[in-house]
Structures are given as C-alpha cells and as structure tokens.
Amino acid sequence: MSQLLERGWLAACRLGDAALAGAHRIGSTAALPWPQEGQASVELVGVGSLGTVGEQTPVPIASLTKVMTAYVVLRAYPLGPEDAGPMVRIDRAAAQESDSVIESVVPVEEGQRYPLRQLLAFMLIPSGNNIARLLARWSAGSEAAFVRRMNAAAAELGMTRSAFTGSCGMDVGNVSTAADLLTLAGAVMRDEVFRTIVSTPSVPLPGGQGEGRTTNRLLGQYGVVGLKTGTSTPAGGNVLWAAYTDVGGVRRLVLGAVLAQRTGRSPVRARAAVWAHTRRLVMAVQRTAPDGFALPQSSPAPHETLRGCGPAAGRWPLPGAPAPGPRASSTGEPEYAGRSAAGRT
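Every chain is numbered independently, its residues counted from 1 as its sequence is written. Given that this is a predicted model, residues contribute local features only at a pLDDT of at least 70 and side-chain atom pairs are listed and counted only at 80 or more, while totals for whole chains, interfaces and linings are drawn from all residues. Hydrogens are left out, water is left out, and the side-chain values use all remaining heavy atoms of the structure.

## A look at the packing of aromatic side chains
Then, number 1: The pairing test for Phe, Tyr and Trp rings, Trp by its six-membered ring, is centres within 6.5 Å, and the orientation test on the planes gives stacked under 30 degrees, edge-to-face over 60, and tilted for anything in between. In the structure shown here, the tally under the stated rule is two aromatic pairs.
Then, number 2: Relative to W138, the ring of Y77 has its centre 4.5 Å away and its plane inclined at 35°; by these criteria the two rings are tilted. Of this pair, Y77 sits in the loop between α2 (65–76) and β4 (87–89) while W138 sits in helix α5 (residues 129–140), and the two are 61 residues apart along the sequence.
Then, number 3: Aromatic pair Y114 and F122: ring centres 5.7 Å apart, planes at 75°, arrangement edge-to-face.
Then, number 4: Each residue is assigned to one of three classes by its accessible area relative to the maximum for its type, calculated with a 1.4 Å probe on protein chains only: buried under 20%, partly exposed between the two thresholds, exposed over 50%. Given a relative accessible area of 0%, F122 falls into the buried group. Helix and strand assignments come from DSSP, with helices taken as H or I runs of at least 4 residues and strands as E runs of at least 2, each series counted from the N terminus.

Next comes the structure, spelled out in structure tokens:
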C-alpha cells in the first residue's frame, strides 16, 4: 500500500511540474539591454515573459546541466528544510576524478560518506563535476540510467528543445535553450532545499581544504538569490539566474537565462561577457520593475501550499508573497551578502 501511495505521490508531482511548465505567459513592452549574440530570456514568475531574444536553437549549456541533475535527484529523494538526507558513499571514480586539473571538481576520498544535502551543495556551489557524476551513479545505478531520467524529466516539463547526455555538463551533447531553462528553473525553484543551496555563497571543502566558493558573481547583489553558471569553450558563457524585485509594492521572483556568449573563445572571455550582459539585464529589471511591467489586476493569495516531489517540498513563494530574506549568519550579517569570488564554471 505504501508503494502505491508513493507512486501516486510521484505521479502528482509530475503532473504539477508539467502544469507549471505550461503556465500562461504574457509579453512586456519593457526595453531590456539584451545581448547581441547567443540567446536570452527573462520571466516574471506568475506574470509572464519579459522577452526572449536569439533563435531558440539548442546550444551546449555546460554546467547549467547540474540544475537538471539536482532536480532529478531531489525528485527521487525529496528533502525537508532541515533534512540532511541519506548518506552517500564516495566511490572510486569520484575520488580519482578529484585529481583532475581540466574540470571543476571537489576533493573527496574513496570510502568517505556525506549526507545527500552536502553533496548537492558541493555540486551546485563550487560546481563539482565529480560529485554530479557520483550522484547520478548513486541515484540511478549508472550514469546512463540517470541520463534517461534527465531526458524523461525534460519531456515531462515540456522542454522540447533540450537533451542530456551527461550529468555534469562536460559533454557538448547537453543542450537547451534560454526559454527551456526558464521552465526548468521555475520547477526546481519550488524546492526549498534547492533554493537554500543556490543562495549560499560558499561551502566548507572536505579535509579542511578551505571554502568552495559559489560560481555566481552576482549572488547577494541586485536581489539575486541564485541559480547556476556554466562555462566552457564550446558552450561559451552561460548563466541561469533568479532575483527578487518589487513590482507595484509586491515582491516577485524574476528568472533569467543568458546563453552562448563568446562561444569558441577562451573561458575567461566567455565568462566576462556573460557576466557583463547578465549584470545589465538584472539591473535593468530592478530599475524597470516599479512601474514598467504590466501586472494582473487582482493579487493572488500570498502563499499556496504545493506538495512537491516528496512530503517536505516546502512552500513556493507565489506572486504577492514577501520574498524570503537572507538568512542571518552567526555574525548577524546576511549569509549571502557581498560579491562572491569567480568560479571555474
């Protein structure tokens, strides 16, 4: 009986996420400083699209792939706000990959055990490729099986121009569009654990090896509270971002994606270009928000309880609700205040 109930719960999750993916979008006449290359899209959650530029042709997305990896893992193993989750053993492959000098990794040793929540932080904050592959193997038995789950999730969300061939983004076969990635962002940002992790500026690395800093240069600035970055020579610079803004006295979530900046160039140039364009977009949204966006006449209820993929998926802050503020650290300062150091991906 419990298995039947669980299956019913997961089916309801998938239906809810698919409905979110197909939500009505409206246009905006707000002029935003769109990039002149690649593609970009911005959406005011609960209101509609603020615009999409560039041909929505699937392009490599590098480490933005890890957002889908997190979504699939959290759907299979939902965590409550305070849950650490099941313990995961570091396998030989993840430990050996820790020595790589050509990709973003987190140093771990075979046989160590970490709670799932900590490994998700290792994957999403300093962008550990070896951790993404580890979670794929642990969650589905093999990376190939996990990739099938990723593509199934994309199909359920209506991401018709996305495809995945790996869990971390090193494969150029991981492709998507700006519009599709906003669909994914809208779904995964419903998860409170995911929101908490991507709004955190750093995580202590294993063995006292310092701090793994977020790759999100804008975290804590201009209302930015996430999401993920991805840079490689084939993919260029890519950023998927989330920020809160005040619109007509109401606090609302804005999601944005900037893709394929300086493809084929050095990652340093690609990263510089995508952050310049992203910063201008975020700042323009904050300047325009007070009176530049058309909003529905009626305001929805402040919160709607949504049972996400598991019994503790949290509450999605719908339009009309106050945004969750930064969590106070032991020093009393906001936990994500200040500018974070640049990451590798």
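There is more to say, and it comes next.
## Focus on the pairing of strand β1 (residues 39–44)
Then, number 1: Counting buried positions along β1 gives six out of six residues, so the element sits mostly inside the fold.
Then, number 2: Covered by surrounding structure in β1 are Q39, S41 and E43 together with A40, V42 and L44, the residues of both alternating faces.
Then, number 3: For β1 and strand β2 (residues 48–53), the ladder comprises five bridges, and the chain directions are antiparallel. Counted as the bridge partner of V42 is G51 from β2.
Then, number 4: Only when DSSP finds a minimum of two bridges between them are two strands counted as paired. Connecting the antiparallel pair β1 and β2 is a turn made up of three residues, with G46 showing a positive phi of about 85°.

## Let's talk about the pattern of salt bridges
Then, number 1: The term salt bridge refers to a side-chain nitrogen of Lys or Arg lying within 4 Å of a carboxyl oxygen of Asp or Glu. Applying the stated criterion across every chain yields a total of seven salt bridges.
Then, number 2: Across the pair R137 and D91 runs a salt bridge, and its minimum N-O distance is 2.8 Å. With a gap of 46 residues between them, R137 in helix α5 and D91 in the loop between β4 and α3 (92–97) connect regions that are remote in the sequence.
Then, number 3: Note that R92 and E110 form a salt bridge whose closest N and O atoms lie 3.5 Å from each other. With R92 in helix α3 and E110 in the loop between α3 and β5 (113–115), this residue pair connects regions lying 18 residues apart in the sequence.
Then, number 4: You can call R92 exposed: its relative accessible area is 53%.
Then, number 5: Judged by relative accessible area, which is 38%, E110 ranks as partly exposed.
Then, number 6: Because the salt bridges share partners, they merge into one network encompassing E97, E103 and R133.

## Quick word on the sheet that holds β2
Then, number 1: Read across the sheet, five strands follow the order β2-β1-β11-β10-β9 without closing on themselves; strand pairing throughout is antiparallel. Strands with a single pairing partner mark the edges of an open sheet, and in this sheet they are β2 and β9 (224–232). For this sheet, the mean angle separating the axes of adjacent strands, direction not counted, is 10°.
Then, number 2: Pairing of β1 with strand β11 (residues 250–261) involves six bridges; the strand directions are antiparallel. Within β11, the residue paired with Q39 across the bridge is L259.
Then, number 3: On the sheet, helix α7 (residues 178–188) packs against β1, β9, β10 (236–247) and β11 and is oriented at approximately 140° with respect to β11. To obtain an axis, a line is fitted to C-alpha atoms, over the contacting stretch when the element is a helix, and the angle between two such axes runs from 0 to 180 degrees between their N-to-C directions. Only heavy atoms matter for contacts: two residues are in contact if any of them lie within 4.5 Å across the pair.

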